[in-house]
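Below are the chains, spelled out letter by letter.
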Amino acid sequence: MQIRLINPNTTASMTQKIGEAAQHIASSNTDIVATNPRSGPVSIESHYDEAISAVGVVEEVRSDKTADAFIVACFGDPGLMAARELTQSPVIGIAEAAFHMATLISTRFSIVTTLGRTGIIAEHLLQSYGFSHHCRKIRAAEIPVLDLEDNGDLALDRIVEECLRAKEEDGIGAIVLGCGGMADLTEQISERVGLPIVEGVTAAVKLAESLVSLGLKTSKHGDLAYPLPKPFTGIYEHLSEECRS
Ligand code: 5HY
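Only a predicted model underlies this, so the values are computations on that prediction, with no experimental measurement involved.

Observations concerning the pattern of salt bridges
Here's step 1: For the structure shown, the criterion picks out twelve salt bridges.
Here's step 2: For the salt bridge of lysine 17 with aspartate 184, the shortest nitrogen-to-oxygen distance reads 3.9 Å. In this pair, lysine 17 sits in helix α1 (residues 12-25) while aspartate 184 sits in the loop between β7 (174-178) and α8 (186-193), placing the two residues 167 residues apart along the sequence.
Here's step 3: Salt-bridge contacts for arginine 139 lead to glutamate 162; the nearest nitrogen and oxygen are separated by 2.7 Å. Note that arginine 139 is positioned in strand β6 (residues 135-140) and glutamate 162 in helix α7 (residues 152-169), a separation of 23 residues in sequence. In terms of burial, arginine 139 and glutamate 162 fall into one category: buried.
Here's step 4: Sharing partners across several salt bridges, the network here consists of Arg139, Glu162, Arg165, Glu169 and Asp170.

Written as structure tokens, this is what we have:
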């Protein structure tokens, strides 16, 4: 099977890192195609960044008529529902995937993300997906997303410190990593923290493989039916062409 993994930010080094982490955990018959939009924010750290990146996610899904599944590899799951309308192939957001996995191994988890200001985005997703009562706290290492690329050792130390505080204070059984750019840190963090660490990219790969293996596709009955055809104008004129894959 082929899974198109979309990094919604436009930092190619992060796309490559996330793709390598996904391919490492994927089954031998799964091919991970890691991409990012040509246009958009280099990192996603606000509502504004999320909104702009969602268009890139949609364009990446529209561009691929053959993928068996898609992964939206940003912890805000930007454009997830719009992407699900465009294709029958399953589309998995890494936040939703991580929440599901975390509740299968613990009754309570905390999230450790990058910047505290994006915590509200995770909070909204917890509410939207029905996991609010499982999450004790949304914490932040207070590191810019691209420090995961440019200042890896310090970023790792800051994440571990926050994970240790969560373990000590939150009454939890597991920790969810709140950034796609942390996909390569799971083992190191788990060794230093001594708790199960749930990371969304790898969780999404396994959920996508499961759905494809079960022959389960996104329902086209109801709100995830294909979008109503209509003209789009200006820089989005190319989106007028119907997309049904
Ligand atoms: C992510 N930003 O996973 C999010 C992290 C966050 O560029 N990739 C980003 O803090 O929401």
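A few points about the site of the ligand
Here's step 1: Around the ligand, the surrounding shell consists of Asn9, Ser43, Ile44, Cys74, Phe75, Thr113, Thr114, Thr118, Val145, Gly178, Cys179 and Gly180.
Here's step 2: Contact between the ligand and asparagine 9: an oxygen atom at 2.9 Å from a side-chain N or O atom of the residue.
Here's step 3: Threonine 113 places a side-chain nitrogen or oxygen 3.4 Å from an oxygen atom of the ligand.
Here's step 4: Contact with the protein chains covers 98% of the free accessible surface of the ligand, which is 300 Å².
Here's step 5: Considered class by class, the residues forming the shell around the ligand number five nonpolar, seven polar and no charged.
Here's step 6: Both of domain 1 (2-93 + 203-240) and domain 2 (95-200) provide at least three residues apiece to the shell around the ligand.

Details of the domain arrangement of the protein
Here's step 1: Taken domain by domain, the protein holds domain 1 (2-93 + 203-240) and domain 2 (95-200).
Here's step 2: The centre of domain 1, based on its C-alpha atoms, is set 21 Å off from the matching centre of domain 2.
Here's step 3: Of the roughly 2100 Å² buried at the junction of domain 1 and domain 2 (both faces included), carbon and sulfur atoms supply 66%.
Here's step 4: Three residues stand out in domain 1 for area buried against domain 2, namely Lys17, Glu45 and Phe75, and they jointly supply 35% of the buried area on that side.
Here's step 5: One can count three salt bridges joining domain 1 with domain 2.
Here's step 6: A salt bridge links glutamate 149 to lysine 17; its shortest N-O distance comes to 2.5 Å.
Here's step 7: Counting across the interface, domain 1 meets domain 2 through 16 residue pairs in polar contact (both at pLDDT 80 or more).
Here's step 8: Secondary-structure elements contributing two or more residues to the side of domain 1 that touches domain 2 are α1, α2 (47-62), α3 (80-86), β4 (91-93) and α9 (200-213).
Here's step 9: Looking at the side of domain 1 that touches domain 2 residue by residue, the classes come out as twelve nonpolar, seven polar and six charged.

Cut-offs and rules
Residues numbered from 1 in each chain as written. Predicted model: local features only at pLDDT ≥ 70, side-chain atom pairs only at ≥ 80, totals over all residues. Heavy atoms only, no water. Salt bridge = Lys/Arg side-chain N within 4 Å of Asp/Glu carboxyl O. Helix = DSSP H or I, 4+ residues; strand = E, 2+ residues; numbered from the N terminus. Buried < 20%, exposed > 50% of the residue type's maximum accessible area, 1.4 Å probe, protein only. Near = heavy atom within 4 Å. Polar contact = N/O pair within 3.5 Å; in protein donor to acceptor, adjacent residues only side chain to side chain. Areas by Shrake-Rupley, 256 points an atom, 1.4 Å probe, with all protein chains shown as cover. Nonpolar A, V, L, I, M, F, W, Y, C, P; charged D, E, K, R; others polar. Domains from an automatic or database assignment. Buried area = accessible area lost by both parts, 1.4 Å probe.

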